[in-house]
Every structure is written in C-alpha cells, then in structure tokens.
Amino acid sequence: MTHSVEAGTVLPFFSSEHWQRQAVLCQWFSTLMFKEPDDATLAAYQAGDATPLLNWLSEDGLQTETGALHSAIAGLSVFEHPRLELAADFATLFLSDARHSAAPYASCYLTERGGFMAEPARRMAARLENAGVMLPAEVKEPADHLAVMLDYLAGGYRQLAEQDASAGSDTLKGIGQFLEQELCSWLPAFYQRCRQARVASTFYPALAGLITAFCQNRQQETRT
C-alpha cells in the first residue's frame, strides 16, 4: 500500500533503490512480528533464504545484530520441532499478560500504567485513517501493534522510492518524525523485555534487537 506520512525533520535524499530496500526490510520485519513462521518459511530460513536481507542489514552497520539473528536461525537445528518451539516462544513473549511479557504494543511502554489501547494506539489509528489505509480483516490487533507500525513505515518508504527529491521531501520528513516519536521512543524497552524473557530460542530476542537497531539507524539517517 502507498500512503503519506506526516511532516518532521529533513534528511538527505538517497537513491530509489535505498528506499525500496528499507521498504522490503520493514515489510519482512512486519511479517515476522505478525505471526510465527510456518514450516516451509522456517525451512527456507534455515536453508539461507534470509541471508540476502541480513546482508543488507549488515552492510548498513548492523553486523552484531544480524550475527545474532544468523546464530539464532542456525541454532534452531537443535530442536526436533523448531516451528513448535518458536510458536511457544511467540506466545510467551507477545501473547501473554502484558505485565509478564514483551507485549508488542506502543501503548504498553508509552503510558504511565502500561495499558492497552491508549493514546499511541489512537494516534496510529488516526495515521492509518488519514492515509486511507484499512487493516485486513484477519488483523485483529490495535493499530499500535509493532507489525502494523512497521507495515505503515514500509508504505512510507515505498512512496518515497517513487518520488524525486523535491516531491519526496514531505514524505521524508514524516518518516523521520514517525521513527522518532512512534517507534524509537519504546523499542529499546521492548527489546529489553524480550532479552529478559525465558524462551527456548534466541530467535525473537535477536529479532527484537535487530528491529530496534534498524529503526534507530533510520532515525539517525534523518539527522545526517
């Protein structure tokens, strides 16, 4: 989907390929955060299908974070049923009581009591409405779910890839604002909760670390 993002700070204009790459990475992260991978997807990752994406991230300076996810994927081979282990970890981290999990909702980190469906969810819902974006029927999550927010960010980058420097300046500003206010404001705390959880595999903690570092890099890019 293609949509606009609200205005924020300016950054230098990169190539269309650069923005397309960020869109692909955001969409991949969104997919991983929406639901655990099925057997076929997991087998593909173990066979190296995620390597090109991880190489992009490594080239962007995230060698430590990509190495952690590489190791986590390789480590899945020790499990007899890796999909079931990841499904259990996904439930433990993201579907349990928010007080005892790493709930992937901005409201749980940006409000005083850490509740659901607070102001961050309302802000995100307004962004989606203003952009004319409707969530698919199967997405039964508040608008401030990390998967929804990453999908929205992917749309901003796709739009940016289609624009020249002059036309894309407002889109670029909005991406910077969105990263600063709506993602980087809580992702470090989310990552820490993932690290502290008792899970069978390091896959999701490593993924959370990579998403956090990726968004921080993109935010820093807006300040260059």
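## Side note on the overall build of the protein
Then, in step 1: Across its full length, the protein carries eleven helices and zero strands.
Then, in step 2: Going from the N terminus to the C terminus, the protein shows its helices and strands as α-α-α-α-α-α-α-α-α-α-α.
Then, in step 3: Taken across its 224 residues, the protein has 48% of its residues classed as buried.
Then, in step 4: Within the protein, contacts between residues separated by at least 24 positions form 76% of all contacts whose residues are at least 6 apart in sequence.
Then, in step 5: Accessible surface, the protein as shown: approximately 10,600 Å² in total, 50% of it carbon and sulfur.
Then, in step 6: Where the 16 positive side-chain charges of the protein centre and where its 26 negative ones centre are 7 Å apart.

## Side note on the side chain of Gln-219
Then, in step 1: Note on placement: Gln-219 falls in helix α11 (residues 203-221).
Then, in step 2: Excluding its chain neighbours within four sequence positions, the residues that come into contact with Gln-219 are Leu-179, Glu-180 and Cys-184.

## Description of the packing of aromatic side chains
Then, in step 1: Across all of its chains, the model carries 15 aromatic pairs by this definition.
Then, in step 2: Pairing Phe-90 with Tyr-204 gives two aromatic rings, centres 5.6 Å apart and planes at 65°, and the pair type is edge-to-face. A residue pair is termed long-range when its members are at least 10 positions apart, and Phe-90 in helix α5 (residues 82-95) and Tyr-204 in helix α11 qualify at 114 residues. Taken individually, Phe-90 and Tyr-204 each receive the classification buried, so the pair is uniform in this respect.

## Some points on the environment of Asp-151
Then, in step 1: As for its position among the elements, Asp-151 is in helix α8 (residues 146-161).
Then, in step 2: Considered as a pair, Asp-151 and Leu-25 are 126 residues apart in the sequence and their alpha carbons are 9.9 Å apart.
Then, in step 3: A polar atom in the side chain of Asp-151 sits 2.7 Å from the side chain of Gln-27.

## Observations regarding helix α10 (residues 187-196)
Then, in step 1: Listing the buried residues of α10 in full gives Leu-187, Phe-190 and Cys-194. Down the axis of α10, the buried set is contained in an arc of 60°. They therefore lie on one face. When the buried face of α10 is taken as reference, the exposed residues oriented beyond 90 degrees from it are Arg-195 and Gln-196.
Then, in step 2: Next to the buried residues of α10 lie α1 (16-34), α5, α6 (107-110), α8, α9 (169-183) and α11.

## Some details on the nonpolar core
Then, in step 1: Membership of the largest hydrophobic core comes to 68 residues, with the highest contact counts inside it found for Trp-28, Leu-69, Leu-183 and Phe-190.
Then, in step 2: Tallying contributions element by element places α8 first for this core, with eleven residues.
Then, in step 3: Excluding residues within four positions of it along the chain, Trp-28 makes contact with Tyr-45, Ala-50, Leu-53, Leu-54, Leu-57 and Leu-69.

## Structural notes on unusual backbone geometry
Then, in step 1: A positive phi angle, near 55°, is found at Met-117, a position not held by glycine.
Then, in step 2: Structurally, Met-117 can be placed in the loop between α6 and α7 (119-130).
Then, in step 3: Classification of Met-117 by relative accessible area gives exposed; the value is 51%.

## With respect to the pattern of salt bridges
Pairs can form between side chains of opposite charge whenever their charged atoms are close.
Then, in step 1: Within this structure, the stated rule accounts for nine salt bridges.
Then, in step 2: The closest approach of N and O atoms between Arg-218 and Asp-60, which form a salt bridge, is 2.8 Å. With a gap of 158 residues between them, Arg-218 in helix α11 and Asp-60 in the loop between α3 (51-59) and α4 (63-75) connect regions that are remote in the sequence.
Then, in step 3: Residue Arg-123 pairs with Glu-182 through a salt bridge whose shortest N-O separation is 2.8 Å. With Arg-123 in helix α7 and Glu-182 in helix α9, the pair connects residues that are 59 residues apart, well separated along the chain.

## A few points about the packing of α1 against α3
Then, in step 1: Running from amino to carboxyl end, α1 crosses α3 at an angle of 120°, the nearest separation of the two axes being 11 Å. Considered as vectors, α1 and α3 are oriented oblique to each other. As for the relative orientation of α1 and α3, their crossing is left-handed in sense. Residues Arg-21, Val-24, Leu-25, Trp-28 and Phe-29 of α1 form the contact with α3, whose own contacting residues are Leu-53, Leu-54, Trp-56, Leu-57 and Glu-59.
Then, in step 2: Residue classes in the contact of α1 with α3 are distributed as eight nonpolar, no polar and two charged.

The rules behind the values
- Residues numbered from 1 in each chain as written.
- Predicted model: local features only at pLDDT ≥ 70, side-chain atom pairs only at ≥ 80, totals over all residues.
- Heavy atoms only, no water.
- Helix = DSSP H or I, 4+ residues; strand = E, 2+ residues; numbered from the N terminus.
- Buried < 20%, exposed > 50% of the residue type's maximum accessible area, 1.4 Å probe, protein only.
- Contact = heavy atoms within 4.5 Å.
- Areas by Shrake-Rupley, 256 points an atom, 1.4 Å probe, with all protein chains shown as cover.
- Lys, Arg positive; Asp, Glu negative; His and termini not counted.
- Charge placed at Lys NZ, Arg CZ, Asp CG, Glu CD.
- Phe/Tyr/Trp six-rings, centres within 6.5 Å; stacked < 30°, edge-to-face > 60°.
- Polar contact = N/O pair within 3.5 Å; in protein donor to acceptor, adjacent residues only side chain to side chain.
- Arc of directions from axis to C-beta.
- Core = buried A, V, L, I, M, F, W, Y, C linked by side-chain atoms within 4.5 Å.
- Salt bridge = Lys/Arg side-chain N within 4 Å of Asp/Glu carboxyl O.
- Axes fitted to C-alpha atoms, helices over the stretch in contact; angles between N-to-C directions.
- Parallel < 35°, antiparallel > 145°, perpendicular 65-115°, else oblique.
- Left-handed = near helix turned anticlockwise from the far one by under 90°.
- Nonpolar A, V, L, I, M, F, W, Y, C, P; charged D, E, K, R; others polar.

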